[in-house]
Amino acid sequence: MSTIIYAHRGASKQAPENTMPAFELAYELGADGIETDVQLTKDNIPVLIHDENLRRTTNGAGFVQDHTYEELKMLDAGYWHSDKYRHTVIPALDDLLEWNQDKQLKLNIELKNNLIEYPNLEKIVCEKVKTYNMDSNVVISSFNRKSLKEITKLKYDIPTALLTSKRSNSLIEDGKQLGVDGLHIRYRLLSRKLVEKAAENKLYIAVYTVNQPFSLSRVIKNKCHALFTDVPDTAISVRNRL
Ligand code: G3P
Ligand code: CA
């Protein structure tokens, strides 16, 4: 099977990251899946936003965790990208899962809990995925190993992946110990040897964030399971040419 193309935070070059327009555009461009980041509001609603702080991608200030969902809904998460996307709101995880009902794209939900630990985030996200019957479309990833251990323990039977940007000789062993299905690695960690060793240990390799034709082609030629890109249209043309 050919490398799965996930639109990283949606089609995040052409539209504001982690918003419904970015997801919609990824779908229109033909991405196989969508990668997104989830955090919890003060009232424990899972919302899709990358940074813990609201400053970079909204007109708000302070931390996601210090605002209620109602408060976050008032913010503009699109104006910073371009005028066209003024008045775009921060989506809840429900919005994405509901939207995907008739599309059935693959979804990579990253638990963005490497800097802030959100109590119960694992259970809240898994329950949502089950409620929308999306288990077979979803892989849950995280840099937070404690969190991945927790998901394995909860036995939701939803695929999981360990995210890493650090070179390590124990990566495969770590993945096995955590009970994850895959390793989502930064591009500079990619080597044929790692892909082969992972396969021998029944772990898949997915690579982030790959935007240049040369790197896209290298990931696909190495038969990686998936890649994450801000430019899904470029990735699709590279894959089609190989
Ligand atoms: O899931 C791959 C990638 O999204 C991880 O890094 O910082 O873009 O969330 P980041
Ligand atoms: Ca991410």
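Further up the page is the structure itself.
The paragraphs below set out a description of the structure included in this document. A quick note: this is a predicted structure, and the numbers were derived from the prediction, not measured. (Residues numbered from 1 in each chain as written. Chains lettered and ligands numbered in written order. Predicted model: local features only at pLDDT ≥ 70, side-chain atom pairs only at ≥ 80, totals over all residues.)

Turning our attention to helix H1 (residues 20–29). Every buried residue of H1 is listed here: Met20, Ala22, Phe23, Leu25 and Ala26. Contacts made by the buried residues of H1 are with strand S1 (4–8), strand S2 (33–40), helix H3 (93–99) and helix H9 (232–241). Where H1 terminates, the next one or two residues include glycine 30, which has phi positive at roughly 95°. (Buried ≥ 20, exposed ≤ 12 C-beta atoms within 10 Å, placed from the backbone. Helix = DSSP H or I, 4+ residues; strand = E, 2+ residues; numbered from the N terminus. Contact = placed C-beta atoms within 7 Å.)

What follows is about the site of ligand 1. Close to ligand 1 lie His8, Glu35, Asp37, His50, Glu110, Ser141, Leu163, His184, Tyr208, Thr209 and Phe228. Taken together, the residues that form the shell around ligand 1 break down as three nonpolar, five polar and three charged. (Near = placed C-beta within 6 Å. Nonpolar A, V, L, I, M, F, W, Y, C, P; charged D, E, K, R; others polar.)

Backbone geometry at arginine 9 places phi at a positive 60°, although glycine is not the residue there. Mapping arginine 9 onto the fold places it in the loop between S1 and H1. Residue classification places arginine 9 among the buried residues on the basis of 27 C-beta atoms within 10 Å. Phi angles above zero are rare outside glycine, and asparagine 133 is one such case at about 55°. Mapping asparagine 133 onto the fold places it in the loop between helix H4 (121–131) and strand S5 (138–142).

With four of five residues buried, strand S7 (residues 182–186) lies mostly within the body of the structure. Chirality of the crossover, the property in question, places the unit of strand S6 (residues 160–164), helix H6 (residues 171–178) and S7 among those that are right-handed. Where S7 and strand S8 (residues 204–208) come together, five bridges link them in parallel fashion. Among the inter-strand pairings, histidine 184 is bridged to a residue of S8, identified as alanine 206. For the segment spanning S7, helix H7 (residues 192–200) and S8, crossover handedness is right-handed. (Right-handed = clockwise from strand over helix to strand, strands pointing away. Pairing = 2+ DSSP bridges.)

This part takes up the environment of aspartate 181. Here aspartate 181 shows up in the loop between H6 and S7. Sequence spacing of aspartate 181 and valine 64 is 117 residues, and the spatial spacing of their C-alpha atoms is 29 Å. Among all residues touching aspartate 181, those that are not within four sequence positions of it are Val139, Pro159, Thr160, Ala161, Leu203 and Tyr204.

Each pair of packed helices can be described by the angle between their axes along with the distance between the axes. Following both chains from N to C, one finds helix H8 (residues 213–221) and H9 inclined at 55°, their axes separated by 9 Å at the closest point. Taken as axis vectors, H8 and H9 run oblique relative to one another. In the packing of H8 onto H9, the handedness of the crossing is right-handed. On the side of H8, the interface is formed by Pro213, Leu216, Ser217 and Ile220, while H9 contributes Thr234, Ala235, Val238 and Arg239. (Axes fitted to C-alpha atoms, helices over the stretch in contact; angles between N-to-C directions. Parallel < 35°, antiparallel > 145°, perpendicular 65-115°, else oblique. Left-handed = near helix turned anticlockwise from the far one by under 90°.)

Our next topic: the environment of proline 232. Note that proline 232 resides in helix H9. Separated by 225 residues in the primary sequence, proline 232 and alanine 7 place their C-alpha atoms 5.6 Å from one another. When near neighbours in sequence (up to four residues on either side) are disregarded, proline 232 contacts Ile5, Ala7, Ala11, Ala26, Leu29, Gly30 and Ala31.

Side chains Ala226 and Phe228 of strand S9 (residues 226–229) all project onto a buried face; the interleaved residues Leu227 and Thr229 project onto the opposite face, where all are buried too. Summarising the sheet, S1 and S9 pair through four bridges and their orientation is parallel. Its bridge partner lying in S9, tyrosine 6 is registered against phenylalanine 228. With two bridges joining them, S8 and S9 adopt parallel strand pairing. Counterpart to valine 207 in the pairing with S9 is leucine 227.

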